[in-house]
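Letter by letter, the chains look like this.
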Amino acid sequence: MSVADPLWLLALALLPLALIAQRLSHRRTRTYAVRFPAAATLRQALAEGADRRLRRHLAVGALLAALACLAVALAAPRVTHRVPIRAASLMLVLDHSGSMDSNDVSPTRLQAAMRAANTFIDQLPASARVGVVAFSTAPDTVQQPTTDHRAARTAIDSQQANGGTATGPALLLSLQLLHGAEKHHPPAAIVLLSDGAANLGISPVTVAQEARREHIPIYTVALGTPGGVLNEGIFGPTVPVPPDPGLMQQIAQSSGGRAYDARTEQYLRSVYQTLGRSLSTVARKRDISIYFLIAAGVLLIAATLGSVRTAARLP
Amino acid sequence: MVTGRPPTTGLRPPDARQGPGPIPAGLLDALDVAIQRLIARTLAGSRRAAGVGLGTELAQLRAYEPGDDVRHIDPAASARTATLHVRVHVPERALTTWIVLDLSASMAFGTAERLKADLAEGATLVFARMGVRRAGSVGVVAFGIPGEPGGIHVLPPRGSKPGLVAVRKLLEQGVAPDGERGEGGEPGSLADALARTFKLSKLPGLVVVISDFRDQRDWERPLGALRLRHSVVAVEVGDPAEAELPAVGRLAVVDPETGDLVRVDSSSSRLRERFAALERERREVVATELRRLGIKHIPLFTDQDWLVELGRRIR
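Predicted, not measured: the structure shown is a model, and the values here were computed from it.

A few words on the overall build of chain A. In terms of helices and strands, chain A carries 11 helices and 12 strands. The buried share of chain A, taken over its 315 residues, is 35%. Long-range pairs, those at least 24 residues apart, make up 81% of the contacts in chain A with a sequence separation of at least 6.

We now examine the pairing of strand 7 (residues 231-238) of chain B. All names here are of chain B. Summarising burial for strand 7: eight of the eight residues are buried, a large majority. Here strand 7 shows a buried face lined by Ser231, Val233, Val235 and Val237 and a second buried face lined by Val232, Ala234, Glu236 and Gly238. Looking at chain direction, strand 6 (residues 206-211) and strand 7 are connected through six bridges and run parallel. Residue Val207 lies in a different strand from strand 7, and its bridge partner there is Val232. Pairing geometry for strand 7 and strand 10 (residues 296-301), over six bridges, is parallel. Its bridge partner being in strand 10, Val237 is matched across the sheet by Leu300.

Residues and elements named next belong to chain B. Between helix 3 (residues 116-131) and helix 4 (residues 160-172), whose axes approach to 10 Å, the crossing angle comes to 175°. Here helix 3 lies roughly antiparallel to helix 4, going by the angle between them. Note on element contacts: helix 4 touches helix 3 through Leu164, Val167 and Leu171, opposite Glu121, Thr124, Ala128 and Arg129. Grouping the amino acids of the contact of helix 3 with helix 4 by side-chain chemistry returns four nonpolar, one polar and two charged.

A few words now on the interface of chain A and chain B. Each partner contributes to the interface: chain A provides 28 residues, whereas chain B provides 31 residues. Mapped onto the side of chain A that touches chain B, the elements with two or more residues apiece are helix 2 (29-32), strand 2 (34-35), helix 3 (39-47) and helix 11 (289-310) of chain A. Residue classes in the side of chain A that touches chain B are distributed as 15 nonpolar, four polar and nine charged. Sheet topology places strand 2 of chain A next to strand 8 (residues 250-254) of chain B; two bridges connect them, and they run parallel. Within strand 8 of chain B, the residue paired with Arg35 of chain A across the bridge is Val254 of chain B.

Now for the sheet that holds strand 5 (residues 152-159) of chain B. Residues and elements named next belong to chain B. The sheet built from six strands is open, its strands ordered 5-4-3-6-7-10 with mixed pairing. Sheet topology places strand 5 and strand 10 at the edges, where each strand pairs with a single neighbour. Going across the sheet, the axis of each strand differs from the next one's by a mean of 15°, ignoring polarity. Sheet strands in contact with helix 5 (residues 190-200) are strand 3 (96-102), strand 4 (137-143), strand 5 and strand 6, and its direction is about 150° off that of strand 4.

Residues and elements named next belong to chain A. Orientation of helix 8 (residues 204-213) relative to helix 9 (residues 245-255), taken along the N-to-C sense of each, is 20°, at an axis distance of 7 Å. Judged on the interaxial angle alone, helix 9 and helix 8 are roughly parallel. As helix 8 packs across helix 9, the resulting crossing turns out to be right-handed. The segment helix 8 lies against helix 9, with Pro204, Val205, Ala208, Gln209, Ala211 and Arg212 engaging Gln250, Ile251, Ser254 and Ser255. In terms of residue class, the contact of helix 8 with helix 9 is built from five nonpolar, four polar and one charged.

A few words now on unusual backbone geometry. It is generally the case that most residues other than glycine have a negative phi and that most peptide bonds are trans. Non-glycine residue Ala76 of chain A carries a positive phi angle of around 50°. Relative to the elements of secondary structure, Ala76 of chain A occurs in the loop between helix 4 (53-74) and strand 3 (77-84). Here Ala76 of chain A falls in the partly exposed class, since 16 other C-beta atoms lie within 10 Å of it. Although it is not a glycine, Phe213 of chain B adopts a positive phi angle of roughly 50°.

Residue and element names in this part refer to chain A. With mixed pairing, six strands are arranged side by side in an open sheet as 6-5-4-7-8-11. Both outer strands of the open sheet, strand 6 (139-146) and strand 11 (259-261), are each paired with one neighbouring strand and no more. Neighbouring strand axes in the sheet, compared pairwise and without regard to direction, differ in orientation by 15° on average. Of the strand pairs in this sheet, strand 7 (residues 188-194) and strand 8 (residues 218-222) are connected by five bridges, and their pairing is parallel. Looking at strand 8, one finds that Leu193 is bridged to Val221.

Turning our attention to helix 7 (residues 167-179) of chain A. With 13 residues, helix 7 of chain A should cover 18 Å at 1.5 Å per step; its first-to-last C-alpha distance of 19 Å lies within 8% of that length. Among the residues making up helix 7 of chain A, those that are buried are Thr167, Gly168, Ala170, Leu171, Leu172, Ser174, Leu175, Leu177 and Leu178 of chain A.

Counting residues in hydrophobic clusters, the biggest one holds 64 residues, and the most contacted among them are Ile99, Val100, Val208, Ile210 and Val235 of chain B. With eight residues, helix 3 of chain B is the largest single contributor of residues to this core. Aside from chain neighbours lying at most four places away, what touches Ile210 of chain B is Ile99, Val100, Leu101, Asp102, Ala120, Ala123, Thr124, Val235 and Val237 of chain B. Core analysis: the next-biggest nonpolar cluster, separate from the first, contains 51 residues, Leu92, Leu175, Leu193 and Leu223 of chain A among them.

About the cut-offs
The numbers attached to residues start from 1 for each chain and follow its sequence in the written order. Chain labels run from A onward and ligand labels from 1 onward, assigned in the order the entries are written. Reporting of local features is limited, given that this is a predicted model, to residues whose pLDDT is at least 70; pairs of side-chain atoms are given and counted only at 80 or more, and all residues count toward the totals for whole chains, interfaces and linings. Here a helix means four or more residues in a row that DSSP labels H or I, a strand means two or more in a row labelled E, and each is numbered from the N terminus. Labels follow a simple rule on C-beta atoms placed from the backbone: if 20 or more others lie within 10 Å of a residue's own, it is buried; if 12 or fewer, it is exposed; otherwise it is partly exposed. Residue pairs qualify as contacts under a 7 Å threshold applied to their C-beta atoms, which are placed from the backbone. In this description, strands pair whenever DSSP reports at least two bridges between them. Whenever a helix is involved, its axis is fitted only over the stretch in contact; in every case the axis is a line through C-alpha atoms, and angles between N-to-C directions fall within 0 to 180 degrees. If an angle is under 35 degrees, it is roughly parallel; if it is over 145, roughly antiparallel; if it lies from 65 to 115, roughly perpendicular; otherwise it is oblique. When residues are grouped by polarity, Ala, Val, Leu, Ile, Met, Phe, Trp, Tyr, Cys and Pro land in nonpolar, Asp, Glu, Lys and Arg in charged, and all others, Gly among them, in polar. Here a crossing is called left-handed whenever its near helix is offset anticlockwise from the far helix by less than a right angle, and right-handed whenever the offset is clockwise. Expected helix span is taken as 1.5 Å per residue step, with the number of steps being one fewer than the number of residues. Any nonpolar core is a set of buried residues, restricted to Ala, Val, Leu, Ile, Met, Phe, Trp, Tyr and Cys, that join up through C-beta atoms within 7 Å.

Next comes the structure, spelled out in structure tokens:
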């Protein structure tokens, strides 16, 4: 618990002063005390416990407590509590290299990947933040993680297949986009849609190991069949473009995610559910002065009622 | 110390003093009959007198007649006249009234029509005026006076007008002012005053004790001693506010005699009940003791017509 305005806490020092003032005012009692010959009998009745001593001090005690509560409330106390966050971030890393144009998967690998990505986005709750990094020779299309899912769709749907496969740099970039500079970032995951066979830049396995340290699992979807070929134009040669499911498996395992292939892509939706289970919390400060104000009010009413009941009503 | 001088210090008329009110002579005459009946036993004939013989004062010498008591023959007169002469005495019938009067500070209290001191003054005047009838004399033993030696002031018995004037002068002085504990010690108590009266009053007579019997101890024994020699009447003066505490909230009361300050919450019904019970018990003890000693007990309250009440109780 912390206070926003500690200067007000100085008002608590007034409480002992109030007590002392009350004690001093007791000394003046003799000036208004009523002459009463039966005072000795009254003292005897008091000594026998006919008076509830506690009740005599109740009103004063409640009043002082109300003042204390008021002083604390003015100081605006705050409590730090951990709020669970539901908004997890997901980064779709889409490979649109030339090999993705192979039609061993109907209609093409890229189309299948785009469909899988769109299906995945459909299944996400609106609060999930989705970002897109599309890459070929280098990460070219970047959509920051946002709750606006249409932006992600637009980024996905605009991809054309060409160029090399720089999986490592794309993963590194998406990792940076997800955790930013924060140490405690919200839960996040990366979904890599690729046919594997990374051939440019930093090794994706290295990135995957770093992702594990950041607690960001990478889920991979391997596309394509071993017999996949690429026709370089109508008259061009036929280039074999086999996928590399082993590399995808390795990336997933090193980062703590799971590897899927085109046949199991419908299981991709479980990615988000897995994330939901590992939801974390963030620290939030909340002003609790209202409770002190309520307590002060209640105590003030109690003190008033208590003193009305026992107030002197001399005829 | 027996002096006729009224105390000039140590007494002061209470603020709310209004006197006992008119005392009609007709009412006194009616009371006189009752008082004569009350003291009849103490006069010659009914009880052994303090002196010797039927009387002490010579009324006349006359010739012996058969039937006269031979013990009354006067030797000297018989020898001189050569005939038998007897002494005839005046019977002892002059009454001495001793009034034991409480002048302590607690008497200056009253919440109804008069102060307790006014009632005591009235009762004193009634008994004094009846005491000086038929050649009687009145003495006063006033107690509870701070300035006096032993706290007691004595007016020696005097008859007729001088006796009444002395009593009136003493009554006009008022009562003792409010005291503080430990200031000049305790002023004389009821027991001291009764013991002093026993010492002073040799001849049988009437003793009237006028007090509130409050905060007094060990008065039963000296009162019993007085009872053996005199007719004793006890007038207990009280105020209704002393019997029951009103519900007036927080109260600070001070004992007029000791200066003891007591703070109470009179809205507590438990305290009020306990106080009323203790007061009832106290008055019960006084009444029981007086009944045990065979002393006529006349309680007078400030909310009553005290003269009517006195007349009703005395017969």
